[in-house]
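Results of the structural survey
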Amino acid sequence: MNSPLVLVLLCGLCLTALGLADAVHGIHTIPDKVSHDIQKLTQHFNVTADISLFGNPIFLQNMNSDGKFEDSEQMLVLQESLDVYITILTDMLNSTQDKEIQTSITAIRARMEDLMNYFLSRQKALLERLQKLRDLETSDATVQRKAVRELRPVLQKAFELCGKNEHRRRRHASLAQLQRR
C-alpha cells in the first residue's frame, strides 16, 4: 500500500481536509508545516503532478465538486476518508526507515487525527440530539400539545431547507447546461 498513487491521493485529501478544518477555525489555508511535510512526502516518493499516470482519483471523486452533497453529508465523507488515510499513513510509517519522512508522516497523521476528533465530536453531539427526539413519549398529552405549538416553525424550517436544496439543484443544473454548450 506504499504506492505513489496513494501518496498523490493522500496529498489531495490532506490539502482538502486540512483546509476545511482550518476554515472552521477561521483560517482558510493549510498550515505551512503541513504543506512542507506533504511536499517532503511528494519528493521522497517521487510523486508527479501528472494524474494521468495514476488514472481516476479514489478520494477526490468523493469531494463535493458537483453539488450533490450537503455540507453535513460532505463532512461524513471527509470523516470516512480521513479514517482511511490514517490507516494508509500508519502503513507508510511502518514501512519506511527514513527518520525525516517518519517525522513528516507522524505530523500529518496527528493533524488528521485532530480533524477526526473534531468530526467525531460533532457527530456525537448530533447523535445525542437525535436520540433525545427518539426518546420523546409521543403518546403523552403534554408532548402532543407542545408538538402542535411548535409545528409551524418546525415546518417552516423544513420548507426553507427544502427550498435551499431545490435552489442549489436548479443552479447546478443550469451551470451544467452552460458548461455543455
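Attention in this report is confined to the structure presented alongside it. All chains use their own residue numbering, which begins from 1 and follows the written sequence. Local features are withheld for residues below a pLDDT of 70 in this predicted model, meaning they are given only at 70 or higher, and side-chain atom pairs are given and counted only at 80 or more; totals for whole chains, interfaces and linings count all residues. Excluding hydrogens and water, the side-chain values take into account all heavy atoms of the structure.

With that out of the way, let us pick up the nonpolar core. We call a set of buried residues a nonpolar core when its members are Ala, Val, Leu, Ile, Met, Phe, Trp, Tyr or Cys and they connect through side-chain atoms within 4.5 Å of each other. Summary of the burial criterion: residues with accessible area below 20% of their type's maximum are buried, those above 50% are exposed, and those between are partly exposed, where the area comes from a 1.4 Å probe applied to protein chains only. In terms of nonpolar packing, the biggest core is built from 25 residues, with Ile105, Met112 and Phe119 touching the most fellow members. Note on conventions: DSSP H or I runs of at least 4 residues are helices, E runs of at least 2 residues are strands, and numbering of each starts at the N terminus. Elements with a contribution of two residues or more to this core: helix H2 (32–44), helix H3 (71–95) and helix H4 (99–134). Of all the elements, H3 adds the most residues to this core, at nine residues.

This part is about the side chain of serine 104. Along the polypeptide, serine 104 turns up in helix H4. On the basis of relative accessible area, serine 104 is assigned to the buried category, the value being 0%. A 3.5 Å cut-off defines polar contacts: any pair of N or O atoms within that distance qualifies, except that in protein one atom must be a possible hydrogen donor and the other a possible acceptor, and neighbouring residues in sequence count only when both atoms are side-chain atoms. A polar contact is formed between the side chain of serine 104 and the side chain of aspartate 37, at a distance of 3.0 Å. Setting aside residues no more than four positions away along its own chain, serine 104 makes contact with Asp37, Lys40 and Leu41. Whether two residues are in contact is decided by their heavy atoms: any pair within 4.5 Å suffices.

Our next topic: the side chain of glutamine 79. Structurally, the position occupied by glutamine 79 is in helix H3. Glutamine 79 sits in the buried class, given a relative accessible area of 11%. Excluding residues that lie within four positions of it along the chain, glutamine 79 makes contacts with Met116, Phe119, Leu120 and Gln123.

This paragraph deals with the pattern of salt bridges. Here, a salt bridge means any side-chain nitrogen of Lys or Arg that lies within 4 Å of a carboxyl oxygen of Asp or Glu. Within the structure shown, the criterion is met by three salt bridges. Put simply, aspartate 37 and lysine 33 hold a salt bridge, and the shortest N to O gap is 2.9 Å. Taken as a pair, aspartate 37 and lysine 33 lie in helix H2 at a separation of four residues, close to a single helical turn. With a relative accessible area of 1%, aspartate 37 lands in the buried category. Judged by its relative accessible area of 47%, lysine 33 is partly exposed.

Turning to unusual backbone geometry, a few remarks are in order. Residues other than glycine seldom take positive phi values, yet asparagine 46 does so here, at roughly 50°. Its location among the elements puts asparagine 46 in the loop between H2 and H3.

Grouping into patches uses exposed residues only, defined as over 30% relative accessible area, and leaves out salt-bridged ones; the cut-off is 9 Å for like charges and 5 Å for nonpolar side chains (Val, Leu, Ile, Met, Phe, Trp, Tyr). All accessible-area figures derive from a Shrake-Rupley calculation using a 1.4 Å probe, and residue coverage is judged against the displayed protein chains alone. On the surface, Leu126, Leu127, Leu130, Leu133 and Leu136 cluster together into a nonpolar patch covering about 460 Å² of accessible area. On the basis of relative accessibility, which here comes to 48%, the residue leucine 127 falls in the partly exposed class.

Mapping threonine 106 onto the fold places it in helix H4. According to the relative accessible area criterion, threonine 106 is partly exposed, its value standing at 35%. Separated by 17 residues in sequence, threonine 106 and leucine 89 have C-alpha atoms that sit 8.0 Å apart.

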